[in-house]
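# Coordinate inspection notes
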Amino acid sequence: MGAPPTPVTAGVPLRPGPGVPPADRALTRPRRRLLAAAAALVALAAVGAGSLLDLRTPAPRPADAPAGEFSATRAYEDVQVIAARSHVAGSPANDQVRAHVEQQLRGLGLETEVQDTVAPEAGQLSGAAGGATLARVRNVVARLPGTDPTGRVFLVAHYDSVQTGPGGNDDAAGTSAILEVARALTTGPRPRNDIVFVLTDAEEACLCGAAAFAASHPLAADGGVVLNLEARGSTGPVIMFETSKNNAKLVDVFGRAAPHPVGTSFAVEIYRALPNDTDFTAFLDQKFVGLNSAYIDGGAIYHTPLDTPAAMDRSSLQQHGDNALGLAREFGRTDLTDLRSGYDATYFPVPRGLVRYPGWLVLPLALLAVLAVAALGWLTRRSGRASTGQLAAGFGLALGPIVAAPVAAQLLWLAITAIRPGYAELLDPYRPIWYRMAVLALAAAILFTWYALVRRRIGPAALAVGGLAWLALLGVLLAVAVPGGAYLTTLPALAGALGGLVALRTRQTGPWPVVAVTAAAAAGVVILLPTVVLLFPALGMAMGGVAALVAVLLGLTALPVVDLLHPQAGGQRGLVALRARRLAALPAGAAALAAVVLAGVGLAVDRFDAAHPAPTHLMYALDAGTGQARWLSHETDPQPWTDGYVDGVASVADDFPGLGDAELRAGPAQAANLPAPKLDVLADTSAGGERTLRLRLTPQRAVRLATLHVDTATATVVRAEVAGRPVPVEPRAGRWGFGLVFHAPPPEGVEVTLTLRPIAAQVALRAMDASDGLDALPGFRPRPPAVGVVGSHSSEMLAVARTYPL
Ligand SMILES: [Zn+2]
């Protein structure tokens with residue numbers, strides 16, 4: 001900086017000329033320019049901080065909080081009882097948890113009962129391929145009768161845990177929050193509508209408890225509003241991430257009745273694309289409407305032994321309870337007869353509230369943003385700030401960072417997992433903050449580098465318009481394909497275009513051009529920054545590229561502000577130009593250095609140790625017929641501890657069809673003296689070319705599940721019934737073309753009736769059961785302290801199988 005710019009460069013006139021952005025004209029003096037940059041950046045930082053502070057969770061309220069309020073301290077007492085140890089569906093530990101939940105609800109004077117039944121997986125009655133999944137479930141159901149009901153409000157959480165951990169968060173958080181909400185509701189005046197508390201069983205196994213309640217409980221017969229409470233981590237804001245269809249009215253209630261409403265219509269779209277499921281899935285049919293909420297940060301402990309009560313961030317529990325209580329009260333007094341709107345809402349959090357507008361506005365707004373950006377481009381050209389060629393080049397080149405930043409973020413994570421392979425088995429690192437900041441720094445480095453490289457040739461105005469054009473176009477694409485996410489690019493594009501138009505039309509010597517572009521960038525920050533921050537825990541570092549993409553989009557909305565960090569555009573020559581270019585490289589260099597340093601700090605800080613163990617996956621499978629046993633692992637690149645058990649790759653689909661047909665790592669194991677499940681023939685009749693076998697499958701030890709498969713080369717399964725219920729018989733792939741899984745089998749066994757069309761003289765059936773825990777097995781060496789267990793439904797599984805020819 002220093003000498004004023006020469007008015008001509010490369011044949012392009014400077015005043016008024018291309019390369020001079022609106023905010024620049026008053027800022028040809030370097031010191032004023034730097035001052036404007038500082039003011040704009042401080043303003044944006046303040047707006048950003050405000051947005052992030054709004055995502056903070058509330059302080060947990062004490063045990064002596066007023067009776068009508070939710071107290072996380074009171075609820076936490078239940079968390080400690082519920083999550084004292086692992087309590088998988090069907091286990092004695094789960095019986096104790098159920099007894100506690102039942103006793104708490106009865107103690108409040110609520111009509112309480114246990115729904116004890118056998119139920120198929122949610123959605124499976126319609127017929128899923130690959131056999132049937134069922135469970136014996138026992139849901140705890142309590143009702144607070146309304147004074148003049150227009151319908152029912154259901155508060156739902158699951159009280160069972162996975163086998164690998166005590167479920168301190170998942171879902172003792174939801175269960176204990178509902179108990180505390182029930183307590184608070186029973187202290188005040190009775191609500192107008194019925195409130196039903198549903199603590200479900202076997203969510204982890206198959207969502208079977210929720211499916212049983214939704215399909216067959218009398219209180220569910222007329223449907224209603226479902227509020228499902230979940231946790232997929234240990235901390236962070238509670239996000240309302242899923243709704244029933246046509247959600248506008250529900251979202252409106254959420255926005256006004258939840259004290260801390262964090263939710264975006266984009267999350268709904270993301271969640272629909274992910275393979276996750278919760279109890280809420282079982283309620284997604286015609287009868288029910290509802291909202292699904294969870295906190296999701298701290299995902300490293302999800303489904304692992306580390307998901308203990310101590311791991312819980314009680315301020316997340318407070319937010320869960322505050323929102324659930326506020327919503328229960330509001331839905332408790334609302335007329336529930338017509339909660340379905342004709343459309344979905346677009347909604348997202350802003351400081352102190354939730355913006356929402358109807359879905360039918362999404363496409364018109366997206367088109368309006370395109371028009372506004374086009375108008376800005378036209379005016380930019382007319383005012384001589386960019387030529388048509390430069391505008392076209394700006395548009396083309398703006399795609400560079402949009403593509404490069406997510407790719408670079410993915411490559412960075414590949415490099416980090418190459419250094420620390422244990423990350424491959426984690427939903428998110430234990431201390432992900434350093435890696436998240438590294439991804440953001442990397443995105444900034446790419447944006448700044450790109451900008452410094454192309455700015456001199458194309459000019460700031462054309463690049464700013466080019467960036468906004470991509471945002472506007474993405475808005476149209478999203479409006480068509482993912483309408484709930486369109487606001488993310490449509491609104492910043494609209495704000496940017498309006499800011500640009502104002503900047504072009506106001507007096508160039510005053511502060512208004514800078515104010516206008518800064519205000520537009522601030523709108524981008526408010527809309528996009530919470531999404532960047534929430535995307536990291538939602539998708540995990542393995543998909544950090546998505547957050548990097550949104551971060552770059554945010555950067556593109558702020559290009560005119562970024563430009564203030566660069567010397568006045570236009571005609572520097574010689575030494576001045578060289579110094580200018582060096583200065584322009586400064587932000588890029590600083591961001592790149594930050595990315596490297598932050599990634600390094602992450603690797604140094606987030607080491608595996610006893611409190612943060614490297615997760616490993618191991619199973620044991622014994623063929624009781626042949627006496628052969630194997631260690632099995634899902635790890636694709638086995639870690640040192642797992643490597644002590646497995647040496648090659650194997651498919652166990654033929655021997656253990658209940659374990660699926662994925663390729664596993666396998667190694668030889670000593671045979672344990674364990675019995676396979678017994679298969680007794682209760683009746684065997686033939687008529688009209690069909691053979692009907694009435695069988696009883698009885699595990700001979702305490703197990704979590706039992707499976708039964710039919711070799712469809714020996715017989716075709718025509719019909720099947722489990723515990724008196726018909727189940728689908730669509731064929732599955734492989735030798736065992738029919739199969740069923742039964743979770744939480746009762747000790748007396750499960751009755752299965754198969755109607756077969758015989759192919760061979762004898763039909764071959766394969767029976768398997770599975771328990772949890774490998775400690776007692778011969779040849780098992782306990783894990784050293786820094787080695788942990790992968791949070792998966794098959795971790796530590798011990799399977800025993802045998803074939804029965806009948
Ligand atoms: Zn779970």
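If you're wondering where the values come from, they're calculated on a predicted model, not measured in any experiment.

### Quick look at the overall build of the protein
Each helix and strand counted, the protein has 20 helices and 26 strands in total. In terms of overall dimensions, the protein is globule-like: its C-alpha atoms have a radius of gyration of 30 Å, near the 28 Å expected for 806 residues. Expressed as lengths along the three principal axes of its C-alpha atoms, the size of the protein is roughly 100 × 65 × 55 Å. The buried share of the protein, reckoned over its 806 residues, is 58%. Within the protein, contacts between residues separated by at least 24 positions form 81% of all contacts whose residues are at least 6 apart in sequence. For the protein, the computed accessible surface area is about 30,700 Å², with 61% contributed by carbon and sulfur atoms. Here the protein contributes 64 positive and 63 negative side-chain charges, whose respective centroids are spaced 15 Å apart.

### Observations regarding the coordination of the zinc ion
Distances from the zinc ion to its protein donors, Asp170 (OD), Glu204 (OE), Glu204 (OE) and His303 (NE2), fall at 1.9 to 2.6 Å. One can describe the site at the zinc ion as irregular: its four donor atoms subtend angles covering 54 to 145 degrees at the metal. Counting gaps between the donor residues of the zinc ion yields the pattern D-x33-E-x98-H. Taken together, the residues Asp170 in the loop between strand E5 (152-158) and helix H4 (172-187) and His303 in the loop between strand E9 (288-297) and helix H10 (314-333) connect sequence positions 133 residues apart. For the pair Asp170 and His303, one class covers both residues: buried.

### A few points about the pattern of salt bridges
Going through the model one piece at a time under the given rule, you end up with 33 salt bridges. A salt bridge links Arg143 to Asp194; the shortest N-O distance between them is 2.8 Å. Of the two residues, Arg143 is situated in strand E4 (residues 132-144) and Asp194 in strand E6 (residues 194-200); the sequence distance between them amounts to 51 residues. Its salt-bridge partner being Glu180, residue Arg183 comes within 2.9 Å of it at the nearest N-O pair. Residue Arg183 and its partner Glu180 are located together in helix H4, separated by three residues, close to a single helical turn. One salt-bridge network, held together by shared partners, links Asp252, Arg256, Glu330, Arg333 and Arg356.

### Structural notes on the packing of helix H2 (residues 72-82) against H4
In contact at an axis separation of 8 Å, H2 and H4 are set at 135 degrees when each is read in the N-to-C sense. Taken together, the axis directions place H2 and H4 in an arrangement best described as oblique. Crossing of H2 over H4 shows right-handed handedness. Contact residues: H2 offers Arg74, Ala75, Asp78, Val79 and Ile82, while H4 offers Ala172, Thr175, Ser176, Leu179, Glu180 and Arg183. Here the contact of H2 with H4 is composed, by residue class, of five nonpolar, two polar and four charged.

### A short note on unusual backbone geometry
Only a minority of non-glycine residues have a phi that is not negative, and only a minority of peptide bonds are not trans. With an omega of 5 degrees, the peptide bond running from Asp170 to Asp171 counts as cis. In this structure, Asp171 sits in the loop between E5 and H4. Of note, Ala202 is a non-glycine position whose phi angle comes to about 55 degrees, a positive value. Relative to the elements of secondary structure, Ala202 occurs in the loop between E6 and helix H5 (203-206).

### Structural notes on the side chain of Asn139
Positionally, Asn139 belongs in strand E4. Within the structure, Asn139 has its side chain in polar contact with the backbone nitrogen of Asp201 (distance 3.0 Å).

### Some remarks on helix H15 (residues 487-505)
Under the 1.5 Å per step criterion, the end-to-end length of H15 is 26 Å for 19 residues, consistent within 8% with the ideal 27 Å. Among the 19 residues of H15, 15 are classified as buried, and the element is accordingly described as predominantly covered.

### Description of the state of the cysteines
Linking two cysteines covalently via their sulfur atoms produces the bond known as a disulfide. Within the structure shown, the criterion is met by one disulfide. Paired by a disulfide, Cys206 and Cys208 hold their sulfur atoms 2.0 Å apart. Its S-S torsion of approximately -130 degrees makes the covalent link between Cys206 and Cys208 left-handed. Its relative accessible area of 0% is what places Cys208 among the buried residues.

### A few points about the nonpolar core
By size, the foremost hydrophobic cluster in this structure holds 96 residues, and its most contacted members are Val373, Trp450, Tyr487 and Leu556. In contact with Leu556, not counting residues within four places along its chain, are Ala398, Ile402, Leu447, Trp450, Gly467 and Leu471. Listed in part, the 59 residues of the second largest apolar core include Val97, Ala182, Ile195 and Ala328.

### Thoughts on the pairing of strand E23 (residues 750-758)
Of the strand pairs in this sheet, strand E18 (residues 690-698) and E23 are connected by seven bridges, and their pairing is antiparallel. In the strand pairing of E23, Thr692 is matched with Thr755.

### Re the packing of aromatic side chains
The final tally for this structure, using the stated rule, is 20 aromatic pairs. With a centroid separation of 5.7 Å and an interplanar angle of 80 degrees, the aromatic rings of Tyr423 and Tyr435 are classed as edge-to-face. Pair noted here: Tyr423 is in the loop between helix H12 (388-419) and helix H13 (433-458) and Tyr435 is in helix H13, with a separation of twelve residues, a long-range link. The residues Tyr423 and Tyr435 share a single accessibility class, namely buried. Among the aromatic residues, those joined into a cluster by ring pairs are Trp413, Tyr423, Tyr430, Tyr435 and Phe608. One cation-aromatic arrangement involves Arg314 over Tyr76; the distance from NZ or CZ to the ring centre is 3.7 Å. The ring of Phe656 has Arg766 sitting right over it, with the charged end atom 5.7 Å from the ring centre.

### Observations regarding the environment of Asp606
Relative to the elements of secondary structure, Asp606 occurs in the loop between helix H19 (574-605) and strand E12 (614-616). Of the residues examined, Asp606 reaches a relative accessible area of 0% and is grouped as buried. The spacing of Asp606 and Arg420 is 186 residues in sequence and 9.9 Å in space, taken between C-alpha atoms. Leaving out residues up to four positions away in the same chain, Asp606 has contacts with Arg420, Tyr423, Pro429, Tyr430, Arg431, Tyr435 and Val601. One polar contact links Asp606 to Arg431, side chain to side chain, over a distance of 2.8 Å.

### Digging into the sheet that holds E18
Spatially, E17-E18-E23-E20-E21 is the arrangement adopted by the five strands of the open sheet, whose pairing is antiparallel. For this open sheet the edge positions go to strand E17 (678-687) and strand E21 (725-726), each flanked by a neighbour on one side alone. Where E17 lies against E18, nine bridges are found, and the strand directions are antiparallel. Bridge pairing in E18 places Thr685 opposite Thr692.

### What to know about the pairing of E4
Of all 13 residues that make up E4, twelve are buried, and the element is covered over most of its length. With ten bridges joining them, strand E3 (residues 111-120) and E4 adopt antiparallel strand pairing. Counterpart to Val118 in the pairing with E4 is Arg136. Two strands pair when backbone bridges link them, and E4 and E6 are joined in this way by five bridges, in the antiparallel orientation. What sits directly across from Ala142, in E6, is Phe197.

### A closer look at the side chain of Thr753
Within the secondary structure layout, Thr753 lies in strand E23. Sequence-distant contacts of Thr753, defined by excluding residues within four places in its chain, comprise Thr692, Leu693, Arg694, Arg719, Ala720 and Glu721.

### Concerning H13
With 26 residues, H13 extends 36 Å from end C-alpha to end C-alpha; this agrees with the ideal 38 Å at 1.5 Å per step. A bend of about 30 degrees at Ala452 is the largest found in H13. Trailing H13 by a residue or two, Gly459 shows a phi angle of about 90 degrees, which is positive.

Reading the values: the criteria
Residues numbered from 1 in each chain as written. Predicted model: local features only at pLDDT ≥ 70, side-chain atom pairs only at ≥ 80, totals over all residues. Heavy atoms only, no water. Helix = DSSP H or I, 4+ residues; strand = E, 2+ residues; numbered from the N terminus. Rg over C-alpha atoms; globule rule 2.2 N^0.38 Å. Buried < 20%, exposed > 50% of the residue type's maximum accessible area, 1.4 Å probe, protein only. Contact = heavy atoms within 4.5 Å. Areas by Shrake-Rupley, 256 points an atom, 1.4 Å probe, with all protein chains shown as cover. Lys, Arg positive; Asp, Glu negative; His and termini not counted. Charge placed at Lys NZ, Arg CZ, Asp CG, Glu CD. Donors = N, O, S within 2.8 Å, 3.2 Å for Na, K, Ca; no water. Tetrahedral: all angles 85-135°; square planar, octahedral: opposite > 155°, others 65-115°. Salt bridge = Lys/Arg side-chain N within 4 Å of Asp/Glu carboxyl O. Axes fitted to C-alpha atoms, helices over the stretch in contact; angles between N-to-C directions. Parallel < 35°, antiparallel > 145°, perpendicular 65-115°, else oblique. Left-handed = near helix turned anticlockwise from the far one by under 90°. Nonpolar A, V, L, I, M, F, W, Y, C, P; charged D, E, K, R; others polar. Polar contact = N/O pair within 3.5 Å; in protein donor to acceptor, adjacent residues only side chain to side chain. Expected span 1.5 Å × (residues − 1). Disulfide = S-S within 2.5 Å. Core = buried A, V, L, I, M, F, W, Y, C linked by side-chain atoms within 4.5 Å. Pairing = 2+ DSSP bridges. Phe/Tyr/Trp six-rings, centres within 6.5 Å; stacked < 30°, edge-to-face > 60°. Lys NZ or Arg CZ within 6 Å of the ring centre and 35° of its normal. Bend = angle between axes of the 7 residues up to and from the residue.

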